[in-house]
Amino acid sequence: MSTDSFREMKAATGPAAEGQPGRIGTMSDAGTSPVAGAGTSQPAGRGKKPVRRKGLSERNRPLWMLIPGGLLMFVIIVIPLFLGIYMSALNLDQYTLRKWVSAPFIGIDNFVEALTDSPLLHSVWLSVSYSLIAMVITLPLGIAAAVATQNAFKGRALVRSIFLIPYVLPSFVVATVWRTMFQPDGVVDSALGVFGMDGGLWLNGPQTYWTLILVQIWASWPFIYLLALSGLQSVDHEVHEASALDGALWWNKLRYVIFPYLKGPLALAFLIGMLHHINNFTLPFVLFGVPAPADVEVLPILTYVTSFQSFRFGLSAAMAFVSLVLIAIPLFIYLRAVKLDDAETPGGKK
């Protein structure tokens, strides 16, 4: 036997056969493993399990990489939040602002005044009601636009681009354009005059509430359109073919095939839109100015006027805290809906 053949045979037998003259260990030996340790053979499958290397999810993560983002969040969010809470407990106005740290501490008096002696509750009602009405109207508009532009047709890209114009324009531009259109003898009054109708005062008086809703609808319906369109793109092509083979009418197809796919995206769009409308300051500020009419003195406008016109900084801080709590409620619902909580994610820790 040549030297090369002997080396190949020795490598095949492994260390288990060394020290046992005349015996060649092979893989065909019943119930034995050639890779047993220290010259002994062990039953196959009963040996020591190989050590598995822990993955990134099991090792100590480099948490120090979160320090820059954590510091930024602390400086931008946490510190102003606690400063606002502290200011809401002070009698802080134009006279004590210079030395606001030593301003008189009055506890919850600002909150009591905000809830009893100020139009805060009226502003909360205005913010919630106009946001709810705007979202209820924009939902069918966005869905109808998404269904109309889902299938390919000539000029679809142009139509989709036109639909997105209100969404891409800044709120300042939208409010300025509509403010010009709603001026007395403006474009809106002239158009209504053709049909023999009198528009009246759009920017002052009881019609201002509906003016705000109208402008908000025009500015926000493309957002619903985008999310509805993304939901329609997720509908399987086989589902459309199956409904067509079953002879489903267009309404039954929308109700039982398409709408179930849109339930999740539209629920999130509704909540996000409510958050945006309640916290929207630019649109009513530019559209009506300050002081705004009482019918459109929403919560952000009231907080601004109390702080920078009445110079009641402590009272305005209390109002801002109330608005934070108001926004946190739908925000919590939103976080639960998208399952960002570990308890709701598949496989997450309970």
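I will try to describe carefully the structure that is included in this document. (Residues numbered from 1 in each chain as written. Predicted model: local features only at pLDDT ≥ 70, side-chain atom pairs only at ≥ 80, totals over all residues. Heavy atoms only, no water.)

Between its first and last C-alpha, helix H9 (residues 208-233) extends 38 Å over 26 residues, near the 38 Å set by a 1.5 Å rise per residue. Maximum bend of H9: about 35°, positioned at Ser220, with proline Pro222 one to four residues after it. Extensive coverage of H9 is indicated by the burial of 19 of its 26 residues. (Helix = DSSP H or I, 4+ residues; strand = E, 2+ residues; numbered from the N terminus. Expected span 1.5 Å × (residues − 1). Bend = angle between axes of the 7 residues up to and from the residue. Buried < 20%, exposed > 50% of the residue type's maximum accessible area, 1.4 Å probe, protein only.)

Time to look at the nonpolar core. Of all hydrophobic cores here, the largest spans 30 residues; its most connected members are Leu120, Ile224 and Leu266. Mapped onto this core, the elements with two or more residues apiece are helix H4 (120-148), H9, helix H11 (250-278), helix H13 (299-308) and helix H14 (313-337). Discounting residues that sit within four places of it in the chain, Ile224 has contacts with Met135, Thr138, Leu139, Gly142, Leu266 and Ala269. Listed in part, the 25 residues of the second largest apolar core include Leu126, Tyr130, Ile213 and Ala219. (Core = buried A, V, L, I, M, F, W, Y, C linked by side-chain atoms within 4.5 Å. Contact = heavy atoms within 4.5 Å.)

What follows is about the packing of aromatic side chains. Describing an aromatic ring pair means giving the distance of the ring centres and the angle of the ring planes. Summed over all chains, the structure comprises 14 aromatic pairs. Ring geometry for Phe182 against Trp202: centres 5.0 Å apart, planes inclined by 35°, an arrangement best described as tilted. Here the residue Phe182 occupies a position in the loop between helix H7 (171-181) and helix H8 (187-194), and Trp202 occupies one in the loop between H8 and H9, the gap between them amounting to 20 residues. An identical accessibility class is assigned to Phe182 and Trp202; each is buried. Here the aromatic cluster, defined as three or more aromatic residues joined through ring pairs, consists of Trp178, Phe182, Trp202 and Trp218. (Phe/Tyr/Trp six-rings, centres within 6.5 Å; stacked < 30°, edge-to-face > 60°.)

Now for the pattern of salt bridges. Side chains that differ in charge, positive against negative, can pair when their charged atoms come close. With the rule as written, the count across this model stands at 1 salt bridge. Between Glu113 and Arg312 there is a salt bridge, with the nearest N and O atoms lying 3.1 Å from each other. In this pair, Glu113 sits in helix H3 (residues 109-116) while Arg312 sits in the loop between H13 and H14, placing the two residues 199 residues apart along the sequence. Assessed through its relative accessible area of 24%, Glu113 is described here as partly exposed. The exposure class assigned to Arg312 is partly exposed, which follows from its relative accessible area of 26%. (Salt bridge = Lys/Arg side-chain N within 4 Å of Asp/Glu carboxyl O.)

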